[in-house]
Amino acid sequence: MPEGIEAEMYRRAALRAIGRSVSQVWVDARCGDPASMSALVGATVIDARRHGKVVVLDTERMSVGMHFAMTGRLIVDGDAPIAELAYGARRDDPAWDRWVMTFADGGVLRVNDPRRWSRYVADPIVGEVGVDLYSPAAAIADALNVVGRRRALKSVLLDQTVVAGIGNLIADEVASAAEVAPRTPIGDVDIGVVARAIEATVHLLDRQGGSHTGDLGPVRRHAGAVCPIDGAELAHDTVAGRSTYWCPQHQGGT
Ligand SMILES: [Zn+2]
């Protein structure tokens, strides 16, 4: 967290910056190079884009890429699109601000990040990551079809060079929606089913308010939790290096 869905919510919030002139930029030097951002002062924001988990703010002089890591929240003019992240802090302490961009009209776009892992990069290159998670199922299927067939589904879903923007929670929701166990080799699954599950899951979680709102969200990530679809006890293990939950009843697998 945040995953690509939260980044998309941040991008939509950042659209409010378009057409506004930047009067001041401050970045925590542990998260970005302050000198590289100086050209932003006096520039006007012309677009807010996103690819995967990265939001890119464009001005007519330069762009800045924002990586939110585990706990970064974007706040524009005091409004946060997500009140709290599933694993994040519940407070908005100014001491946790890592990026503060003030506009000539007095408004502010900032990123509050208690853990300090967010990153700010001048003129980022985002073309090196995979197809975006909001892409149509056909484009996602094309990306999945060229992956090594013996790799586990969960590992493929988390690989940002295949589909950019899927994190740990979305990956588990996709496996559940596709009715496939997370360790299943990608060569043994129907790629079309998985691609359509990604498309449907991303839009569902977006509508519901974030990657934490699914069937296998944080409220069920504990021992003894049951599947909301069929009532079976959920399985839990580390898969592809990440804490993973799935339903042995409708997904199968060990
Ligand atoms: Zn189930």
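Residues numbered from 1 in each chain as written. Predicted model: local features only at pLDDT ≥ 70, side-chain atom pairs only at ≥ 80, totals over all residues. Heavy atoms only, no water.

### Topic: the domain arrangement of the protein chain
1) Next: When its domains are assigned, the protein chain resolves into domain 1 (4–122) and domain 2 (131–246).
2) Next: Inter-centroid distance (C-alpha atoms) of domain 1 to domain 2 is 28 Å.
3) Next: Counting residues at the interface gives twelve residues for domain 1, matched by 20 residues for domain 2.
4) Next: Summed over the shared surface of domain 1 and domain 2, the result is two salt bridges.
5) Next: Of all elements in the fold, only helix H1 (4–14) and strand S2 (45–51) reach the threshold of two or more residues within the side of domain 1 that touches domain 2.
6) Next: In terms of residues, the side of domain 1 that touches domain 2 owes the most to one element, H1, which gives six residues.
7) Next: Residue composition of the side of domain 1 that touches domain 2, grouped by class: four nonpolar, three polar and five charged. (Domains from an automatic or database assignment. Contact = heavy atoms within 4.5 Å. Salt bridge = Lys/Arg side-chain N within 4 Å of Asp/Glu carboxyl O. Helix = DSSP H or I, 4+ residues; strand = E, 2+ residues; numbered from the N terminus. Nonpolar A, V, L, I, M, F, W, Y, C, P; charged D, E, K, R; others polar.)

### Overview of the side chain of Ser135
1) Next: Looking at the element boundaries, Ser135 is found in the loop between strand S9 (131–132) and helix H2 (137–144).
2) Next: A polar atom in the side chain of Ser135 sits 2.6 Å from the backbone oxygen of Asp132.
3) Next: Residues in contact with Ser135, not counting those within four places in the same chain, are Ile140 and Glu199. (Polar contact = N/O pair within 3.5 Å; in protein donor to acceptor, adjacent residues only side chain to side chain.)

### Structural notes on the coordination of the zinc ion
1) Next: Every protein donor of the zinc ion is listed here as Cys227 (SG), Asp230 (OD), Asp230 (OD), Cys247 (SG) and His250 (ND1), and their distances to the metal cover 2.1 to 2.7 Å.
2) Next: Taking the relative accessible area as the measure of exposure, Cys227 reaches 4% and is therefore buried.
3) Next: With relative accessibility at 33%, the residue Asp230 sits in the partly exposed group. (Donors = N, O, S within 2.8 Å, 3.2 Å for Na, K, Ca; no water. Buried < 20%, exposed > 50% of the residue type's maximum accessible area, 1.4 Å probe, protein only.)

### Some thoughts on the environment of Gly210
1) Next: Structurally, Gly210 is set in the loop between helix H5 (191–208) and strand S11 (235–239).
2) Next: Taking the C-alpha atoms as reference points, Gly210 and Glu3, separated by 207 residues in sequence, lie 8.6 Å from one another.
3) Next: Every residue in contact with Gly210, bar those within four places of it in the chain, is listed here: Ile5, Glu6, Met9 and Leu205.

### Comments concerning the packing of aromatic side chains
1) Next: Under the definition given, this model contains two aromatic pairs.
2) Next: Aromatic side chains Trp99 and Tyr120 sit 5.2 Å apart centroid to centroid with 20° between the ring planes, which places their arrangement in the stacked category. Separated by 21 residues along the polypeptide, Trp99 in strand S6 (residues 97–103) and Tyr120 in strand S8 (residues 119–122) bring together distant segments of the chain. Here Trp99 matches Tyr120 in class, with each residue buried. (Phe/Tyr/Trp six-rings, centres within 6.5 Å; stacked < 30°, edge-to-face > 60°.)

### A few points about the sheet that holds strand S5 (residues 73–76)
1) Next: Read from one edge to the other, the open sheet built from four strands follows the order S1-S6-S7-S5, with strand pairing classed as antiparallel. This sheet does not close on itself; its edge strands, each paired only once, are strand S1 (22–27) and S5. Averaged over all neighbouring strand pairs, the angle between strand axes comes to 10°, with direction disregarded.
2) Next: Sheet topology note: the S5/strand S7 (residues 108–112) ladder contains four bridges and is antiparallel. By the bridge assignment for S7, Arg73 is matched with Asn112.
3) Next: Running at roughly 15° to S5, H1 makes contact with S5 and S7 of the sheet. (Pairing = 2+ DSSP bridges. Axes fitted to C-alpha atoms, helices over the stretch in contact; angles between N-to-C directions.)

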